[in-house]
Amino acid sequence: MNKTASIIQPALTGRRDPLLAAVREGVRVLDLGRRLHIGMPQSPNHPAYWHTLPRRHGDRVRADGGSAANDMLVMGTHVGTHIDALAHVSHNGKLYGGADARTAGIGGVYPDHGVHTIAPMVRRGVLLDVPAALGTEVCEPGHEITVAELEAAERLQGTAVERGDVVLVRSGWGRRFDGPDREGFIGNDSGVPGVGEAGAQWLAARGVHAAGADSIAFERLAPGAGHASLPAHRVLLVESGIYIIETLDLEEIAARQVHEFTFVLSPLPLFGATGSPVRPLAVVSDPSAGDGRG
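The structure displayed is predicted, hence computed values, not measured ones.

Peer 1: How would you explain the overall build of the protein chain if you had to name every residue and give the values?
Peer 2: For the protein chain, the helix and strand inventory stands at 9 helices and 13 strands. Taken against the 2.2 N^0.38 rule, which gives 19 Å for 294 residues, the C-alpha radius of gyration of the protein chain at 21 Å falls within 12% of a compact globule. Considering only C-alpha atoms, the protein chain reaches an extent of 55 × 55 × 45 Å along its principal axes. Evaluated residue by residue, the protein chain yields a buried proportion of 43% over its 294 residues. Intrachain contacts of the protein chain at a sequence separation of at least 6 include 75% that bridge at least 24 residues. Put simply, the protein chain shows about 14900 Å² of open surface, and 52% of that area lies on carbon and sulfur atoms. Counting 27 positive and 33 negative side-chain charges, the protein chain places the centres of these two groups 7 Å from one another.

Shown next as structure tokens:
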């Protein structure tokens, strides 16, 4: 039997895809992405988000009275909620797998390590709520989340990290994203909490597919140091081939104490780019949201 026939056979025999059945029984979708807007806090190392309407309603009107507006966006690919491709970071002139970082980008794109090579994700997701494990609401500025703290969150929640998972590490820092002090979230002076080299090695040893956090850097930033040193990026992207998701909104999912879920993410297929804006989703069963059709 050829591949096409094997795919359509369940429909011909009246079988229902179990995943579709689960969706029709009802699911709740938790949005883990940040709203993109002009002036939002971001890393100073990347082009800022800008949006304008070159054409507004009424600028041009068709004979039948219809009108259409359009947009233009200018932004870096590491602004807002986004994913880092393996092309984003090199170390000692090498990308993941030992590729030469200079020759890999000849022609202005990274054909072998670009974000277009990241397959859409539908995987088990795990939230490690570190502040909850520590009995606080938010980690202190510049706090390095330790392996012991990651393991404490695992035990408290009963959600062991497994190979192939997408692990989202909450520090509570995301509460500052929409605050009046834009610089407070960026944290150049105060530092930013996050995992360090040891935490990244722990995630890599667990064989995770991707790791994310609620800050712009994912990892711990020392007070006054900015992005001067990013050892967790080296461990995950360069040494382990693990994608990094940054600037996640983890507040609602933490408030609901949803620690295990179906994680959905699909980067834009930007050929040869080092990253992409994303809108990650956490999907959980919720029969109250069913469509009533059985």
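Text resumes after the structure shown.
Peer 1: Hey, could you go over the packing of aromatic side chains for me, with residue numbers and the actual values?
Peer 2: By the definition in use, this model includes 1 aromatic pair. With 5.3 Å between their ring centres and 90° between their planes, phenylalanine 177 and phenylalanine 185 make a pair best called edge-to-face. Residues phenylalanine 177 and phenylalanine 185 agree in their burial class; the two are buried.

Peer 1: Requested: an account of the sheet that holds strand β11 (residues 260-265), with residues and values cited.
Peer 2: The strand order across the open sheet built from 9 strands is β1-β13-β11-β5-β7-β9-β10-β4-β12, with neighbouring strands paired in mixed fashion. Because the sheet does not close on itself, it has two edges, and the strands there are β1 (27-31) and β12 (275-277). The average undirected angle you get between the axes of adjacent strands in this sheet is 30°. Relative to strand β10 (residues 243-246), strand β9 (residues 210-213) runs parallel, the two sharing 3 bridges. Opposite alanine 211, over in β10, you have isoleucine 244 as the bridge partner. Seen against the sheet, helix α5 (residues 147-157) touches β5 (121-129) and β7 (166-170) and runs at an angle of roughly 100° to β5.

Peer 1: Which residues make up the side chain of aspartate 84, and what values go with them?
Peer 2: Relative to the helices and strands, aspartate 84 resides in strand β4 (residues 82-84). Within polar-contact distance, the side chain of aspartate 84 engages the side chain of histidine 233 at 3.4 Å. Excluding anything up to four places from it in sequence, aspartate 84 contacts His78, Ile118, His233, Leu237, Tyr243, Ile244, Glu246 and Thr274.

Peer 1: Please set out the pattern of salt bridges residue by residue, giving values where relevant.
Peer 2: On inspection of all chains with the given rule, the structure shows 15 salt bridges. Glutamate 260 serves as the salt-bridge partner of arginine 124, at 2.8 Å between the closest nitrogen and oxygen. Within this pair, whereas arginine 124 is found in strand β5, its partner glutamate 260 is found in strand β11, the two being separated by 136 residues in sequence. The salt bridge partner of glutamate 252 is arginine 256, with a shortest N-O separation of 3.0 Å. Classification of glutamate 252 by relative accessible area gives partly exposed; the value is 39%. Through salt bridges that share partners, Asp129, Glu137, Arg170, Arg175 and Glu251 make up one connected network.

Parameters and conventions
Residues numbered from 1 in each chain as written. Predicted model: local features only at pLDDT ≥ 70, side-chain atom pairs only at ≥ 80, totals over all residues. Heavy atoms only, no water. Helix = DSSP H or I, 4+ residues; strand = E, 2+ residues; numbered from the N terminus. Rg over C-alpha atoms; globule rule 2.2 N^0.38 Å. Buried < 20%, exposed > 50% of the residue type's maximum accessible area, 1.4 Å probe, protein only. Contact = heavy atoms within 4.5 Å. Areas by Shrake-Rupley, 256 points an atom, 1.4 Å probe, with all protein chains shown as cover. Lys, Arg positive; Asp, Glu negative; His and termini not counted. Charge placed at Lys NZ, Arg CZ, Asp CG, Glu CD. Phe/Tyr/Trp six-rings, centres within 6.5 Å; stacked < 30°, edge-to-face > 60°. Pairing = 2+ DSSP bridges. Axes fitted to C-alpha atoms, helices over the stretch in contact; angles between N-to-C directions. Polar contact = N/O pair within 3.5 Å; in protein donor to acceptor, adjacent residues only side chain to side chain. Salt bridge = Lys/Arg side-chain N within 4 Å of Asp/Glu carboxyl O.

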